[in-house]
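Structural features, examined
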There are 2 protein chains.
Amino acid sequence: MSLVRCHIAVSLDGFAAGPDQSEEHPLGRGGERLHEWMFTSRTWHAQHGRDEGERDASDEVVEAVQNGIGAYVMGRNMFGWGRGAWDESWRGWWGDDPPFHTPVFVLTHHEREPVPMRGGTTFFFVTDGIEAALSKARYVAGDKDVTVAGGASTVRQFLAAGLLDELYLHIVPVLLGAGERLLEDVGEPSLEQIEVVPAPGVTHVKYRVLR
Amino acid sequence: MSLVRCHIAVSLDGFAAGPDQSEEHPLGRGGERLHEWMFTSRTWHAQHGRDEGERDASDEVVEAVQNGIGAYVMGRNMFGWGRGAWDESWRGWWGDDPPFHTPVFVLTHHEREPVPMRGGTTFFFVTDGIEAALSKARYVAGDKDVTVAGGASTVRQFLAAGLLDELYLHIVPVLLGAGERLLEDVGEPSLEQIEVVPAPGVTHVKYRVLR
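Residues numbered from 1 in each chain as written. Chains lettered and ligands numbered in written order. Predicted model: local features only at pLDDT ≥ 70, side-chain atom pairs only at ≥ 80, totals over all residues. Heavy atoms only, no water.

A few points about the interface of chain A and chain B
Quoted interface sizes are often the accessible area lost when the parts come together. With 21 residues of chain A at the contact, the number on the chain B side is 21 residues. Both faces combined, the contact of chain A with chain B buries some 1900 Å², and carbon together with sulfur accounts for 63% of it. Three residues stand out in chain A for area buried against chain B, namely Leu12, Leu175 and Gln193 of chain A, and they jointly supply 30% of the buried area on that side. Linking chain A to chain B there are two salt bridges. Between Glu184 of chain A and Arg181 of chain B there is a salt bridge, and its shortest N-O distance comes to 3.4 Å. At the boundary of chain A and chain B, one finds eight residue pairs in polar contact (both at pLDDT 80 or more). (Contact = heavy atoms within 4.5 Å. Buried area = accessible area lost by both parts, 1.4 Å probe. Salt bridge = Lys/Arg side-chain N within 4 Å of Asp/Glu carboxyl O. Polar contact = N/O pair within 3.5 Å; in protein donor to acceptor, adjacent residues only side chain to side chain.)

Below you can see the structure in the form of structure tokens.
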């Protein structure tokens with residue numbers, strides 16, 4: 001049975017992005033500090049075609065969360081900063097060869113033709129809600145898993161709707177003080193802690209979401 | 001150099017107590033779920049004179065946080081539910097032999113004579129603020145450490161004032177949805193993750209507070 005998984009970095013005070021998100025600072029003020037632990041990892045550099053970085057416990061986590069994924073779902077704000085009707089020249093933040101290598105279903109209110117990229121990533125645009133997007137993602141993923149890629153608001157919607165099986169948090173020793181909370185208005189899901197991976201500058205904790 | 005330490009349980013959504021705290025439910029609705037991991041530990045039962053419970057990774061954490069402590073500071077709401085002038089018959093939640101075994105400095109706006117208990121615990125009442133309480137606690141602790149015992153509002157005050165050296169969080173896989181937030185309005189302390197202890201139903205993470 002394939003799973004619906006999510007992994008996301010969160011500040012110790014519960015924010016998945018800092019305040020004042022903008023086109024220039026899509027993660028908000030201080031938000032990039034949530035991802036610093038990743039930028040030292042060998043796996044992350046390898047994905048960007050570089051032979052550098054240190055192999056540490058976070059590498060195994062980065063590999064594990066990418067392993068066995070057949071499709072992604074993401075919110076429009078994760079795909080790009082634009083609002084309203086599409087600027088068709090925008091093809092995501094990730095360059096010609098995005099790190100997904102599978103279909104990616106982007107939640108939006110505005111229709112758009114699929115955008116095929118190099119390396120197996122195709123962006124599909126879904127205008128009829130999270131359940132429809134998940135249904136398509138599950139179909140193309142087959143017996144592989146589906147990842148809800150973010151951002152925070154999309155993750156909250158999936159949690160609140162009871163559509164998530166696993167939540168893997170990268171808990172970062174940073175206090176942002178304000179921004180976008182990850183675990184607010186998500187109903188009352190029961191969580192079971194199933195894995196803890198201590199790593200430099202971050203604690204990775206995987207939770208099973210019980211139905 | 002003795003340290004000012006704090007260890008406290010927190011829900012995954014950042015609350016140290018649930019909503020609707022009352023005399024009957026001092027931890028608020030659902031707040032007792034933050035402490036369930038402790039109630040199975042051998043160390044906790046031993047402190048309450050019982051030979052039961054399982055020895056697991058949490059036992060070592062419970063022992064470590066109690067080790068080398070020369071004094072405690074706590075907020076009035078942790079000492080008791082009462083407000084305003086003292087009801088002198090109230091001597092804390094912990095019975096005749098409280099688990100502190102050192103002086104405990106209780107922050108209050110209302111003067112009261114010290115209350116000696118069995119087993120080495122004496123409650124002192126401090127009316128001139130957290131710095132005065134800490135100064136007294138440091139004095140009696142000598143080269144041992146001082147623990148800021150709670151509740152959340154007292155911990156926040158110590159963090160905001162830059163008076164804490166170590167924050168040891170017991171991160172519990174529970175979403176309370178509302179209640180008293182631990183890490184709100186605490187200024188912008190820098191935290192360094194220095195220890196992670198995975199345990200059944202809880203992740204213990206110790207942070208150094210950098211000045």
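Describing the pairing of strand 7 (residues 145–150) of chain B
Residues and elements named next belong to chain B. Counting buried positions along strand 7 gives six out of six residues, so the element sits mostly inside the fold. Where strand 1 (residues 4–11) meets strand 7, two bridges bridge the pair, whose relative direction is parallel. Within the sheet, the bridge partner assigned to Val4 lies in strand 7 and is Val146. Sheet topology places strand 3 (residues 69–75) next to strand 7; five bridges connect them, and they run parallel. Note on strand 7: the bridge partner recorded for Ile69 is Asp145. (Buried < 20%, exposed > 50% of the residue type's maximum accessible area, 1.4 Å probe, protein only. Helix = DSSP H or I, 4+ residues; strand = E, 2+ residues; numbered from the N terminus. Pairing = 2+ DSSP bridges.)

Some thoughts on the pairing of strand 10 (residues 190–199) of chain A
All names here are of chain A. Pairing analysis gives nine bridges linking strand 10 to strand 11 (residues 202–210), with the strands arranged antiparallel. By the bridge assignment, Gln193 is partnered in strand 11 with Tyr207. Remark: two residues form the turn of the hairpin made by strand 10 and strand 11, two consecutive strands paired antiparallel; Gly201 in that turn has positive phi of roughly 75°.

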